[in-house]
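Secondary and tertiary structure notes
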Amino acid sequence: QKEVEQNSGPLSVPEGAIASLNCTYSDRGSQSFFWYRQYSGKSPELIMFIYSNGDKEDGRFTAQLNKASQYVSLLIRDSQPSDSATYLCAVPSSNSGYALNFGKGTSLLVTP
Amino acid sequence: SAVISQKPSRDICQRGTSLTIQCQVDSQVTMMFWYRQQPGQSLTLIATANQGSEATYESGFVIDKFPISRPNLTFSTLTVSNMSPEDSSIYLCSVIGGDSQPQHFGDGTRLSIL
């Protein structure tokens, strides 16, 4: 049973546009949600986490959480070519406590 | 966040051999984990490294194949034993620094088995 679902993409957006990345999860009891960015050949880097329903903003990034719909999204405003990467959504594992279950990731390409 | 160092960063190994990967953190952390990322795939948890006791393995991973040590709150090792080409992956150490802290990853070990 897959717990975290993401569209694999690639999602292509022009430079300066808003990129919208989506994630759904199956465990209704999940309390925290994480977005990691992974550049090709690199390890995942935490960019956002959110615990409460609603929006959380950090610079050009906004995480949106809707627990009723079991849906979390990441918006990247004013997208830059340097934002081109794979974005991984993660939620704590229902089996392993603090360990994370990751989605397969969405590949984002920002074109100049 | 903590600085996490993994060694080696990459290696090419022969079939049937074993490799030990080290994960060193510059501060004490509450939890350490080992993940695998196979080519083109997402991350899969191998095990939680428990300080002073046996690691907790996920379904599909066994101690004989992936023995893990965690002698203290800053260091852990993962051994990939009797390697086959299917073990070619990136192996990642991650840590949680404290309560309510998010998880951070080391740079990973890129392992290729010939």
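Residues numbered from 1 in each chain as written. Chains lettered and ligands numbered in written order. Predicted model: local features only at pLDDT ≥ 70, side-chain atom pairs only at ≥ 80, totals over all residues. Heavy atoms only, no water.

**Description of the pairing of strand β11 (residues 109-113) of chain B**
Two faces, one strand: in a regular strand the side chains alternate between the faces of the sheet. Residues and elements named next belong to chain B. Stated formally: Accessibility here uses a 1.4 Å probe with only protein chains present; expressed as a share of the type maximum, an area under 20% marks a residue as buried, one over 50% as exposed, and anything in between as partly exposed. Secondary structure elements are taken from DSSP: a helix is a run of H or I of four residues or more, a strand is a run of E of two residues or more, and numbering for both begins at the N terminus. At least two DSSP bridges between two strands are required for those strands to pair.
By the criterion of burial, β11 is predominantly enclosed, with 4 of the 5 residues buried. Pairing geometry for strand β9 (residues 89-96) and β11, over 3 bridges, is antiparallel. Bridge assignment links Ser89 to a residue of β11, and that residue is Leu111.

**A closer look at the layout of surface pockets**
Note the following rule: For cavity detection a 1 Å grid was placed over the protein atoms alone, and a set of points counts as a cavity when a 1.4 Å probe fits there but cannot get out; an open set counts as a pocket when protein lies on both sides within 12 Å along at least five of seven lines, with lining residues being those that have an atom within 4 Å of a point. Grid points are joined across faces, edges and corners, and a volume is the space filled by probe spheres set on the points. Polarity classes work like this: nonpolar for Ala, Val, Leu, Ile, Met, Phe, Trp, Tyr, Cys and Pro, charged for Asp, Glu, Lys and Arg, and polar for all others, with Gly in that last group.
Here the second largest pocket defines a volume of roughly 320 Å³. In terms of lining, the second largest pocket is formed by 19 residues, of which the most central are Gln38 and Thr86 of chain A together with Gln37, Gly40 and Gln41 of chain B. With 3 residues, the single largest contributor to the lining of the second largest pocket is strand β9 (residues 85-92) of chain A. Among the residues making up the lining of the second largest pocket, the classes are represented as 5 nonpolar, 12 polar and 2 charged.

**Things to note about the pattern of salt bridges**
Residues and elements named next belong to chain A. The cut-off we apply is this: Note on definitions: salt bridges are taken to be side-chain nitrogens of Lys or Arg within 4 Å of carboxyl oxygens of Asp or Glu.
One pass over the full model with this rule turns up 4 salt bridges over all chains. With a closest N to O distance of 3.0 Å, Arg37 and Glu45 form a salt bridge. Residue classification places Arg37 among the buried positions, given a relative accessible area of 12%. Across the pair Asp83 and Arg60 runs a salt bridge whose closest N-O atoms are separated by 2.9 Å. Taken together, the positions of Asp83 in the loop between β8 (71-76) and β9 and Arg60 in the loop between β6 (54-58) and β7 (61-66) put the pair 23 residues apart, joining distant regions of the chain. Residue Asp83 is classed as buried on the basis of its relative accessible area, which comes to 2%.

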